[in-house]
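Examining the three-dimensional arrangement
The primary structure of each chain is shown beneath.
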Amino acid sequence: MGERGKSKKMKQRDAKSLSIQKASKAEEEPQKPLPQRVDTDSDSDYEDFSQDDRIENSETLSESEDGESGSSGDEDNLGNDSSEDSEFLVDSEAGESESSGDEDFVKTGNSDALGDGNDQQDGSDGSELHQGDESDSSEDEVAPRNTIGDVPLKWYEDEPHIGYDIKGKKIKKKEKQDKLGSFLASVDDSKNWRKVYDEYNDEEVELTKEEVKLVRRLLKGQAPHSEFDPYPEYVDWFKWDDAKHPLSNAPEPKRRFIPSKWEAKKVVRYVRAIRKGLITFDKPKEEDGPYLLWGDDSGSTEKSNHLAYIPAPKPKIPGHEESYNPPLEYIPTQEEIDSYQLMYEEDRPKFIPKSFKSLRSIPAYENAVKDCFERCLDLYLCPRVRKKRLNIDPESLIPKLPNPKSLKPYPETCYIEYKGHEDAVTSISVEASGQWMASGSSDGTVRIWEVETGRCLRRWEVGEAVNCVAWNPLPDVHILAVSVGQDVLLLNTGLGDEEEQKKISELLHVETSAPDDSDSKTPNVNWLQDNKHEGIRLRHFKTVSAVEWHRKGDYFSTVMPSDILSVCCLSFVLIHQLSKKLTQKLPFKLHGLAVKSTFHPTRSIFFICTKKSVRVYDLLKTKLIKKLDTGLREASSIAVHPGGDNLIVGSKDGKVYWFDMDLSSKPYEVLKYPDPPKDINNVAIHRSYPLFAWCSEDSNAYVFHGMVYSDLNENPLIVPLQTLRGHKRTNGRGILDCKFHPRQPWLFTAGADKLIKLFCH
Amino acid sequence: MDMDDDAEGTSRRIQVRFVTKLKPPLKVPATAIAIPANLTRFGLSSVVNSLLEATDNPDYKPEPFDFLIDGELVRMSLEEFLVVKGISVEKILEIEYTKAVAPRKEEDPSLHDDWVCAVDGSSPRFFLTGCYDGLGRVWKNAGLCTHILEGHSDAITSITIINPEGGETSTLATTSKDRTVRLWKFNPEEAIDHPVKIRAFKILRGHKASVQSVAVQTSGEMVCSGSWDCTINLWQTHFDTDGDLSIKKRKVGGQVEESQLEGEAVSTLVGHTQNVSAVAWPLRDTIYSASWDHSVRKWDVETGKDLSDIFCGKALNCLDIGGEGSALIAAGGSDPVLRIWDPRKPGTSAPVFQFSSHTSWISACKWHDNSWFHLLSASYDGKVMLWDLRTAWPLSVIESHSDKVLCADWWKGDSVISGGADSKLCISSEIPIQ
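Owing to the predicted nature of the structure, the values given are computational and were not obtained by experimental measurement.

Moving on: the overall build of chain B. Each helix and strand in chain B was counted, giving 3 helices and 37 strands. Evaluated residue by residue, chain B yields a buried proportion of 47% over its 434 residues. Across chain B, the fraction of contacts at a sequence separation of at least 24, relative to all contacts at a separation of at least 6, is 52%.

Looking now at the overall build of chain A. Helix and strand content of chain A: 16 helices and 33 strands. Relative to all contacts within chain A whose residues are 6 or more apart in sequence, the contacts with residues 24 or more apart total 55%.

What follows deals with the sheet that holds strand β32 (residues 747-751) of chain A. Strands belonging to one sheet form pairs held by backbone hydrogen bonds; the direction of such a pair is parallel or antiparallel. Residue and element names in this part refer to chain A. An order of β5-β33-β32-β31 is seen for the 4 strands of this open sheet, with the pairing classed as antiparallel. Edge positions in the open sheet fall to β5 (413-418) and β31 (735-740), since each of these has one partner strand only. Sheet twist, expressed as the mean angle between neighbouring strand axes with direction ignored, is 25°. Relative to strand β33 (residues 756-760), β32 runs antiparallel, the two sharing 4 bridges. Looking at β33, one finds that Phe748 is bridged to Leu758.

On to the nonpolar core. Nonpolar side chains in soluble globular proteins tend to be buried together. Core analysis: the biggest nonpolar cluster contains 198 residues, and Val482 and Ala693 of chain A have the highest contact counts within it. Those residues in contact with Ala693 of chain A that lie beyond four places of it in its chain are Ala684, Ala701, Tyr702, Val703, Phe704, Cys738, Phe740 and Leu747 of chain A. In this structure, Ile35, Phe67, Phe81 and Leu93 of chain B belong to the second largest nonpolar core, which totals 20 residues.

All names here are of chain B. The strand order across the open sheet formed by 5 strands is β8-β9-β10-β11-β15, and the pairing between neighbours is mixed. Of all the strands in the sheet, just β8 (116-120) and β15 (196-199) have a single pairing partner and so form its edges. Neighbour-to-neighbour, the strand axes of this sheet turn through a mean angle of 25°, independent of strand direction. Judged from the 4 bridges that link them, strand β9 (residues 127-131) and strand β10 (residues 136-141) form a sheet pairing that is antiparallel. Paired with Phe127 across the bridge in β10 is Trp139.

Before going further, it helps to examine the confidence of the model for chain B. Residue and element names in this part refer to chain B. In this model, chain B carries an average pLDDT of 79, and 89% of its residues clear a pLDDT of 70 or more. When the criterion is pLDDT under 50, residues 1-9 qualifies, and its contacts beyond four places in sequence or with other chains add up to 9 contacts. Throughout residues 241-258 the model reports pLDDT below 50, and contacts reaching past four residues in sequence, or to other chains, amount to 17 contacts. For this predicted complex, the interface confidence reaches an ipTM of 0.81, while the overall pTM sits at 0.62.

Further remarks concern the UniProt feature "repeat: WD" (unreviewed entry) in chain B. If you check UniProt for "repeat: WD" (unreviewed entry), the listed places come out as residues 149-194, 204-236, 269-309 and 355-397 of chain B in our numbering. The span residues 204-236 of chain B carries 0% helix and 61% strand; its end-to-end C-alpha distance comes to 9 Å.

With that settled, consider the confidence of the model for chain A. Residues of chain A with pLDDT of at least 70 account for 74%, and the chain-wide mean is 73. Ignoring residues within four places in sequence, the model shows residues 513-522 of chain A, a span with pLDDT below 50, making 6 contacts including any to other chains.

All names here are of chain B. A positive phi is found at Arg179, a non-glycine position, where the angle reads about 75°. Among the secondary structure elements, Arg179 is positioned in the loop between β13 (170-176) and β14 (180-186). Owing to 21 C-beta atoms within 10 Å, Arg179 belongs among the buried residues under this scheme. In this model, Ser423 sits at a positive phi of 60°, which is unusual for a non-glycine residue. Taking the C-beta count within 10 Å as the criterion, Ser423 has 18 such neighbours and is therefore assigned partly exposed.

Residue and element names in this part refer to chain B. Mapped onto the secondary structure, Ala100 falls in the loop between β5 (93-99) and β6 (105-106). For Ala100, a count of 18 C-beta atoms within 10 Å gives the class partly exposed. Along the backbone, Ala100 and Leu395 are 295 residues apart, and their C-alpha atoms lie at a distance of 8.0 Å. Those residues in contact with Ala100 that sit more than four places away from it in its chain are Pro64, Phe65 and Asp66.

Criteria and thresholds
- Residues numbered from 1 in each chain as written.
- Chains lettered and ligands numbered in written order.
- Predicted model: local features only at pLDDT ≥ 70, side-chain atom pairs only at ≥ 80, totals over all residues.
- Helix = DSSP H or I, 4+ residues; strand = E, 2+ residues; numbered from the N terminus.
- Buried ≥ 20, exposed ≤ 12 C-beta atoms within 10 Å, placed from the backbone.
- Contact = placed C-beta atoms within 7 Å.
- Pairing = 2+ DSSP bridges.
- Axes fitted to C-alpha atoms, helices over the stretch in contact; angles between N-to-C directions.
- Core = buried A, V, L, I, M, F, W, Y, C linked by C-beta atoms within 7 Å.
- pLDDT = per-residue confidence, 0-100.
- UniProt positions renumbered as here; feature names shortened; annotations may be inferred.

Printed below as a string of structure tokens:
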């Protein structure tokens, strides 16, 4: 049974035109032979090849008597062959030209037969009827009787006719049998079950055996014709696998074996485009790796895309005091409860334990509604937010520095104090061998101390507050340069043996005529003999703030910072030569206010520290070599590393800048130590040990390890070592000067508390 | 015994026997007694004192004692000491006692005009001081000055006696910050009412900076001096064969004409890189020197070569050789630690002892002449401390100075003389060191 494919279609069509009234009956009594002939036509319709010789076919079919469920083609042959045939002919004559559907033909056939059987009307009706329904095939023989077309039948309900035949005549409605009569008739008629009322043509149709079969098949959902095979064997007509001769006998062309030049060009173009980045490829999609099926409990809320659920903090587990009958010690006394009233609302305990006899006697929670309300407010107004906390060990953020213990020796403790000054000690200077130290103070005295014992060896009264003292760096020239007000005094310290003394006194002798000659060149500096102190007095035209010796002990520089009130806002840096008693102005134009100046430890380079920057000059070539930007508000001091490539600058805003001049003109390191920042008064670098220090107004001195490597690739290493305390702040000032001992890792500090301290390792 | 009964009856008792090297009046009977274990030095001392009192001496004066167990001084309670040292109490414990080393008497300070920065007490007949006013003084006793050494133009930094056992005339050597070493001669025996001013008979010039210290060869023929010019100079002290030396007539003070010899250095030991702050000459051909360059060096006098170095990491101020076999080196410097090295220990330059009770620089250290264990140290913190190698705590602390102590020395074996920046010379006497 392979007709399922078409059966559906068939069924629909049948259902359209046929109102099968007694299909159920037909099923009940399938055995009864159909009295009427039908439908070889319908069969022939399906089987195209048999159409031409339909007549013969029908004749042959008519021979077989039995209408039972045999083969579909030759089943229903009824007795009245001749009538059938004639009818057939008439029909064909009438509606030969019309096209009609296959199934319709079946119906019309039926209707004809019925018509024949019942009232013997003219055969043209069938063709008419046919016309209304279908126009598929041209081979319909039976035309429908009624010609009203596909109009609603209720239009004719009240009419005496049901429609018109092909000739335009009204087709009269048949008289309706009364129910009793029809019942009786149906009882009598054994073939009643296969009768169907055709409303359109107003007649009863008796279904043939084949039609019943067909209906049954349709009802079963099978193909209407049993011969139909919906799944025929596939015949591959175009198969030529083992064909002996190919379609073309031509030999394989050569081009199929040669790489295509055109393609190669195209490839090259693509390659270039890819290289240029004109063509980009989509990245291959990353495939999800293996994942935990049940997810990670901890991170699951964070990973999910939707709103993360933040679990509420866990409430405290109730303790004994929450019990309905807590132990006595948990129950507060009346005084305690009263004292709660005095407390602030927030500090008050939320829950006051009470004792009840039984669980039953516990009252309802009085704040239930309020709590609910507040909880809702919390949820509404204060959504919980997950706080992202960086999980970094704070220790790991601190740069790795060597342990200060391993960088010994460095000054640690104060062992010797140099007492004697009556006012703040403003400046100190240590003699080259380290045996003596000179200090200048605001009390107008200059003193020389023995480093070893703390004894004051000598003392000069200079009258005014001393700004700066500087010991000549040569070990055999014991001359001290002291800046006092507008003067610079060169003092003979009286140390050294007779020969040295002779030399010194020669150096410190000025011929009186000298200042007159050089008036044109020298900018108003007079070299005068100072008889009182047995030295030289250099009278400047402005206050001298700093004195600094050149390493060879012949030249020294003085800095005169301009006071803001002066007309020309210029500061002056002068270089004096001791042996020739000469004074030179710097051959450069100065920008900014000079604060300090210093000489390069080995080369003829001169550093001038102005308030905002440090300028480096070559004295031989008389040009500016470098300008170091500090970005400071006000620099206060400068010190050059003995190697000459590094220098540190201290500022009045508590910062110290370490410059590596090989590296850049920007500071290599900025050190901010005192907190809150205090003025840094002086910075110092040790001549031989890798130490540097600064002193500030907070009366502390800070010692650092500052190692400069000879390897240029290695940056200087700076390690904070020690904070030296001990000075007292006096009049708002701390330590005013600090100097290293030239040979020992010791630091001298001069404080505003009139003391000089020596910090030893 | 009866003494134990008044002591606490509840504590543990230890069987002990007291022994001593002291002379009979201070000897206790050598019978074993049981004493409470919680006694400290004071308790032990009172036990011994009552024992002595009970034996024979009716007019006995109590005396503080120090106690040694197995060569260690007891500085805690007896019980603790035994636990720390792991000594069993089953056997009878032998405790040696000696007189406590502490000054019994403080002499009146001898006032100077300026800081006292050099003392020498190697002669029992007198002692010497050097002062910042450039004068050296000879003292017969506390407060009794016999001679004043005049001539230095700057502070005297060290002073020493060249022939301690010499007969009538004693010879001295002084060094000064005026870069000279001067030799002096005087007769200590002459009875004088008021101080006599004397002048140097020989001036040794050659140093280019302050001379810091002087030391005399054991035979007295030569002196050596260390200076700020980083050298050590050796000088002849012979004054008999002075024919080859130039004799200079010098005018001193305008009136007195005096003959002063001038000498030149025999040889110079070069090697230190900084101030040579102390020298010592314990053997005929070995000189030790301490310097601010953090080293102690041993020199061979004949060759002038540097034999060995000890580095200590601190600038050194003082040095003395003594102790066991006169071989231990004691030195102190720019930190509060007194260090003692044993140069006989091979392959190590670590100090064998370190005493660190001072609080400032150590300015002087001296071994006791006769004891292997005792030495003193003076410090800028104003204290003089007496040390025993057998304990890490100072035996006694002399706090007679009100400022830095610049120098200190033993005198006559039982006194400590010290000078300081308070211009005082203090003598602490009657220190019992046997």
